[in-house]
Amino acid sequence: MDSANPASPRAPAAPATIDDTLALLGRASYVGDRALATVIFLSLRLGRPLFLEGEAGVGKTEVAKVLAQTLGRRLIRLQCYEGLDVASAVYEWNYPAQMMAIRLAEAAGEHDKDRIEHDIFSQRYLIKRPLLQALEPEVNGAPVLLIDEIDRADEAFEAYLLEILSDFQVTIPEIGVLKAPVPPIVVITSNRTREIHDALKRRCLYHWLGYPDLAREMAIVRGKAPRAPERLTAELVAFVQRLRKQDLFKSPGVAETLDWAAALSELDVVALDPATVSDTLGVLLKYQDDIAKLEGSKVKELLDEVKSELRAAE
């Protein structure tokens, strides 16, 4: 869980059209298609949470970061995990400070238990976690709340989110209902390691973020890894695209493509060869079984196909 302050003291206006949304993504070097820009635009205009689902490494989390950066909003991130509870995600009481306050009150001769209880269960002793922080007003506008990898959290926590996503409010028994004066911009991501309940999805606008096609991935690499020579960029992207068609346990995402481009640039590689690909497969693939499938002549076979396709396209 983390938060970041906006880069600009004055928040830019939200995009007025889908084309403006595409331009907004482009200003942050995020290469998205019109379908993604459309659902982002509608999410901002309708004030509905955006639910992004897809394989790991395709840029779901980056969408929230781009919105915070380009709209000048604070980014509040809740990283989900198994066992995530209200105390870690929403709020908890500062028990040591409360105990100290009780002792000080008793030492000062205060014996009115109702008054002591009222004092210690005030916002002064409330530790606000990401979901509660996201409901607070901000000078630059409502923050961007990123609920990352919701599929890693338990179903009980998923159910707890329903009140927040329906009414943008949190009920604290000792205080009452705390409601956001302006709803935050909510982005929820899922790698689909388990199905998310329909009740949660119905509160959101949904978009499946898949692997980009060749042209879009080329544009992404050019923007994010400009040090890579043009020939190398074309070869490595085409190789990754072909790699995703293989029977692998986990295909490389765009994040791995960018890592590979950066690694090859550090090695001063200007064009792919079988030895270099084999030596650096650990940047692309994270499972030994997948790497083993490409050992021997398979890398050369794929690379020959890539080079042949690129020559034919010239």
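Once a new chain begins, its residue numbering starts again from 1 and follows that chain's sequence as written. For a predicted model such as this one, the threshold for reporting local features is a pLDDT of at least 70, and the threshold for listing and counting side-chain atom pairs is 80 or more; totals across whole chains, interfaces and linings nevertheless cover every residue. Hydrogens are left out, water is left out, and the side-chain values use all remaining heavy atoms of the structure.

*Asks:* Explain the pairing of strand β9 (residues 185-190) to me, using residue names and the numbers behind them.
*Replies:* Exposure classes here rest on a 1.4 Å probe applied to the protein chains alone. A residue is buried below 20% of its type maximum, exposed above 50%, and partly exposed in between. Numbering of helices and strands runs from the N terminus, with a helix taken as a DSSP run of H or I at least four residues long and a strand as a DSSP run of E at least two residues long. With six of its six residues buried, β9 lies for the most part within the structure. Covered by surrounding structure in β9 are Ile185, Val187 and Thr189 together with Val186, Ile188 and Ser190, the residues of both alternating faces. Summarising the sheet, strand β2 (residues 50-53) and β9 pair through four bridges and their orientation is parallel. Counted as the bridge partner of leucine 52 is threonine 189 from β9. Here strand β6 (residues 144-148) pairs with β9 via four bridges, running parallel. Following the sheet pairing, leucine 145 is matched in β9 by valine 186. Strand pairing follows a simple DSSP-based rule, namely that at least 2 bridges must link the two strands.

*Asks:* An account of the packing of aromatic side chains is needed here, citing residue identities and associated values.
*Replies:* A pair of aromatic rings is counted whenever rings of Phe, Tyr or Trp (Trp by its six-membered ring) have centres within 6.5 Å, and the orientation is called stacked for planes under 30 degrees apart, edge-to-face for over 60 and tilted otherwise. Per the stated rule, a full pass over the model turns up five aromatic pairs. Between tryptophan 93 and phenylalanine 121, the aromatic rings sit 5.1 Å apart at their centres with planes inclined by 85 degrees, giving edge-to-face as the arrangement. Within this pair, whereas tryptophan 93 is found in strand β4 (residues 91-93), its partner phenylalanine 121 is found in the loop between α6 (113-120) and β5 (126-128), the two being separated by 28 residues in sequence. With a relative accessible area of 4%, tryptophan 93 lands in the buried category. Residues phenylalanine 249 and tyrosine 287 carry aromatic rings whose centres are separated by 4.7 Å and whose planes lie at 70 degrees to one another, so their mutual orientation is edge-to-face. With phenylalanine 249 in the loop between α11 (230-243) and α12 (254-266) and tyrosine 287 in the loop between α14 (281-284) and α15 (288-293), the pair connects residues that are 38 residues apart, well separated along the chain. Given a relative accessible area of 40%, tyrosine 287 falls into the partly exposed group. Members of the aromatic cluster, connected to one another through ring pairs, are Tyr91, Trp93 and Phe121.

*Asks:* Break down the packing of α11 against α12 for me, with residues and values.
*Replies:* For every element, the axis is a line fit to its C-alpha atoms; helices are fit only across the contacting stretch, and the angle between N-to-C directions ranges from 0 to 180 degrees. α12 packs onto α11 with a crossing angle of 140 degrees between their chain directions and a minimal axis gap of 11 Å. Crossing angle aside, the handedness with which α11 passes α12 is right-handed. Counting all contacts with α11, which are made through Leu232, Leu236, Val237, Phe239 and Val240, the residues of α12 involved are Thr257, Trp260, Ala261 and Leu264. Residue classes in the contact of α11 with α12 are distributed as eight nonpolar, one polar and no charged. Each crossing is labelled by how the near helix is turned from the far one, with a counterclockwise turn of less than a right angle marking it left-handed and a clockwise turn marking it right-handed. In what follows, residue pairs with any heavy atoms lying within 4.5 Å of each other are defined as contacts. Side-chain classes are defined by residue name, with Ala, Val, Leu, Ile, Met, Phe, Trp, Tyr, Cys and Pro counting as nonpolar, Asp, Glu, Lys and Arg as charged, and the others, Gly among them, as polar.

*Asks:* Please set out the nonpolar core residue by residue, giving values where relevant.
*Replies:* Buried residues of nine kinds, namely Ala, Val, Leu, Ile, Met, Phe, Trp, Tyr and Cys, make up a nonpolar core once their side-chain atoms join them within 4.5 Å. Leu131, Leu132, Ile147, Ile150, Phe157 and Leu161 are the most contacted members of the largest nonpolar core, which has 37 residues in total. Here this core takes four residues from helix α8 (residues 155-167), the largest share from any one element. Once you skip the residues sitting within four places of it in the chain, leucine 161 turns out to touch Leu131, Ile147, Ile150 and Leu200. Residues Ala238, Leu243, Leu284 and Val299 belong to the second largest nonpolar core, which totals 28 residues.

*Asks:* Could you give an account of the environment of valine 63, with specific residues and numbers?
*Replies:* Relative to the helices and strands, valine 63 is located in helix α3 (residues 60-71). C-alpha separation for the pair valine 63 and threonine 189, spaced 126 residues apart in sequence, amounts to 9.7 Å. Each residue touching valine 63, except ones within four places of it in the same chain, is listed here: Tyr30, Leu36, Ile40, Leu50 and Leu52.

*Asks:* Could you give me a rundown of the pattern of salt bridges, with the residues and numbers involved?
*Replies:* Salt bridges are identified by distance alone: a Lys or Arg side-chain nitrogen within 4 Å of an Asp or Glu carboxyl oxygen. Per the stated rule, a full pass over the model turns up 18 salt bridges. Salt-bridge contacts for arginine 152 lead to glutamate 149; the nearest nitrogen and oxygen are separated by 2.9 Å. Put simply, Arg231, Glu235 and Lys307 are held in one network by salt bridges that share partners.

*Asks:* Explain α8 to me, and be specific about the residues and the numbers.
*Replies:* Listed in full, the buried residues belonging to α8 are Phe157, Glu158, Leu161, Ile164 and Leu165. A positive backbone phi angle near 50 degrees is found at phenylalanine 168, which sits one or two residues after α8.

*Asks:* Any chance you could break down the side chain of threonine 233 for me, citing the residues and the numbers?
*Replies:* Examined against the element boundaries, threonine 233 turns out to sit in helix α11. Judged by its relative accessible area of 2%, threonine 233 is buried. Apart from the residues within four sequence positions on either side, threonine 233 is in contact with Met218, Val221, Arg222 and Ala228.

*Asks:* Any details on unusual backbone geometry? Residues and values, ideally.
*Replies:* A positive phi angle, close to 60 degrees, is found at serine 29, a residue other than glycine. Looking at where serine 29 falls in the secondary structure, it is placed in the loop between α1 (18-27) and α2 (34-46).

*Asks:* Break down the pairing of β6 for me, citing the residues and quoting the values.
*Replies:* Where burial is concerned, most of β6 is hidden: five out of the five residues are buried. Burial along β6 is two-sided: Val144, Leu146 and Asp148 facing one way and Leu145 and Ile147 facing the other are all buried. Examined bridge by bridge, strand β3 (residues 75-79) and β6 share five bridges and lie parallel to one another. Bridging from a neighbouring strand, leucine 75 pairs with valine 144 of β6.

*Asks:* How would you sum up the packing of α2 against α3? Please name residues and give values.
*Replies:* Closest axis-to-axis distance for the α2/α3 pair is 13 Å, and the angle between their directions is 60 degrees. Between α2 and α3, the interaxial angle falls into the category oblique. For α2 against α3, the interelement crossing comes out right-handed. Residues Leu36, Ile40 and Leu44 of α2 form the contact with α3, whose own contacting residues are Val63, Leu67 and Leu71. Along the lines of polarity and charge, the residues of the contact of α2 with α3 split into six nonpolar, no polar and no charged. Put simply, angles under 35 degrees are roughly parallel, angles over 145 are roughly antiparallel, angles from 65 to 115 are roughly perpendicular, and the rest are oblique.

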